[in-house]
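Breakdown of the fold
Spelled out, the chains give:
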Amino acid sequence: MFRAARPIFNQSSRAAFRSQFARTSGRRFQSTAAGEGPTAQQQASWFKRMMDSPVGFKTVHFWAPVMKWALVIAGIGDFARPAEKLSVTQNAALTATGAIWTRWCFVITPRNVLLAAVNFFLGCVGVAQLTRIAIHKSQQKDLPDQVADKAAEAKDAVKEVVKS
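Nothing here was measured: the structure is a model prediction, and the numbers come from that model.

Here is what the cut-offs are and how they apply
- Residue positions are given per chain, counted from 1 along the sequence in the order it is written.
- Local features in this predicted model are restricted to residues of pLDDT 70 or higher, and side-chain atom pairs are both shown and tallied only at a pLDDT of 80 or more, whereas totals for entire chains, interfaces and linings draw on every residue.
- Each side-chain value is derived from all of the structure's non-hydrogen atoms; neither hydrogens nor water enter the calculation.
- Working definition: helices are DSSP H or I runs of at least four residues, strands are E runs of at least two. Numbering for both runs from the N terminus.
- By definition here, a helix of n residues has an expected span of 1.5 Å times n minus one.
- The cut-offs for exposure are 20% and 50% of the maximum accessible area for each residue type, with area from a 1.4 Å probe on protein chains only; residues under the lower value are buried, those over the upper are exposed, and the others partly exposed.
- The directions considered for the arc run from the helix axis to the C-beta atoms.
- In this description, contact between two residues means that some pair of their heavy atoms is separated by no more than 4.5 Å.
- Residues enter a nonpolar core if they are buried and are Ala, Val, Leu, Ile, Met, Phe, Trp, Tyr or Cys, with the set joined through side-chain atoms within 4.5 Å.
- Pairs of N or O atoms are called polar contacts if they sit within 3.5 Å, as long as, within protein, a hydrogen donor faces a hydrogen acceptor (for residues adjacent in sequence, only side-chain-to-side-chain pairs).
- Per residue, pLDDT captures the predictor's confidence, and it can take any value from 0 to 100.
- Excluding any residue in a salt bridge, patches collect residues exceeding 30% relative accessible area, merging like charges within 9 Å and nonpolar Val, Leu, Ile, Met, Phe, Trp and Tyr side chains within 5 Å.
- Reported accessibility uses the Shrake-Rupley method at a 1.4 Å probe radius. Residues are deemed covered only where the shown protein chains occlude them.
- In what follows, salt bridge is the name for a side-chain nitrogen of Lys or Arg lying within 4 Å of a carboxyl oxygen of Asp or Glu.

A closer look at helix H5 (residues 88-107)
Relative to the 28 Å expected for 20 residues at 1.5 Å per residue, H5 spans 29 Å between its end C-alpha atoms, a close match to the ideal helical length. Three or more residues of H5 are buried, namely Asn91, Leu94, Thr95, Gly98, Thr102 and Cys105. All buried residues of H5 project into a common sector of 115 degrees when viewed along the axis, lining one side. For H5, the exposed residues lying more than 90 degrees away from the buried face are Thr89, Ile100 and Arg103. Taken together, the buried residues of H5 touch helix H6 (113-163).

Brief notes about the nonpolar core
Counting residues in each nonpolar core, the largest one holds 8 residues, listed as Val72, Leu94, Cys105, Leu115, Ala116, Val118, Leu122 and Val125. Put simply, the parts of the chain that give this core at least two residues each are H5 and H6. Top contributing element to this core by residue count: H6, with 5 residues. In this structure, leucine 122 is in contact with Lys68, Leu71, Val72, Leu94, Thr97 and Gly98, ignoring residues within four places of it in sequence.

Description of the environment of alanine 128
Here alanine 128 lies in helix H6. Given a relative accessible area of 28%, alanine 128 falls into the partly exposed group. Counting along the chain gives 37 residues from alanine 128 to asparagine 91, while the straight-line C-alpha distance between them is 9.0 Å.

Examining the side chain of threonine 102
Examined against the element boundaries, threonine 102 turns out to sit in helix H5. There is a polar contact of 3.1 Å between the side chain of threonine 102 and the backbone nitrogen of phenylalanine 120. Beyond its immediate chain neighbours, meaning those up to four positions away, threonine 102 contacts Thr97, Ala116, Asn119 and Phe120.

So, the side chain of glutamine 129
Position of glutamine 129 relative to the elements: it lies in helix H6. Beyond its immediate stretch of four places on either side in the chain, glutamine 129 contacts Gly75, Asp78, Phe79, Leu86 and Asn91.

Some points on the confidence of the model for the protein chain
When pLDDT is averaged across the protein chain, the result is 80; 74% of the residues are at 70 or more. The element-level mean pLDDT for the protein chain is lowest in helix H1 (residues 2-20), coming to 59, with H5 highest at 94.

Some points on a nonpolar patch on the surface
A cluster of nonpolar residues, Trp69, Ile73, Phe120 and Phe121, forms a patch on the protein surface that exposes about 410 Å² of accessible area. The residue tryptophan 69 is located in helix H4 (residues 60-77) in this model. According to the relative accessible area criterion, tryptophan 69 is partly exposed, its value standing at 33%.

Shown next, in the form of structure tokens:
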């Protein structure tokens, strides 16, 4: 009984399956009709798309990173300053701000890559300045020993000159 029904079942199921995927045109992966041009979204200019974007020119998500680059540039400008004049608390704040907000920029919606980039560089500048401060302070700790050694050498040299 089942053998007799099997060929009929197979023929009808194949036809139903193939009708779902029947080709209506000669192109296989065609996204638009043959005579139509690009979609309205593709025709929009870059400026128009940026204006309408959730992180575009009209939002704080664009202007906050632009203004925050001033902090990064100021931190880079501090590379020219001597390390003893740099503030540990200021550079620690820059580092913490950069680290915390870089992570937060990937959590919020819309994900703001521009703000993440500026905060990453802000953190990098802060770490570089803190490293300069730490190196300077470690060299200052060794300085009294070096000065005492040089003073003893100079004292011995003066005594030898006086004896001769």
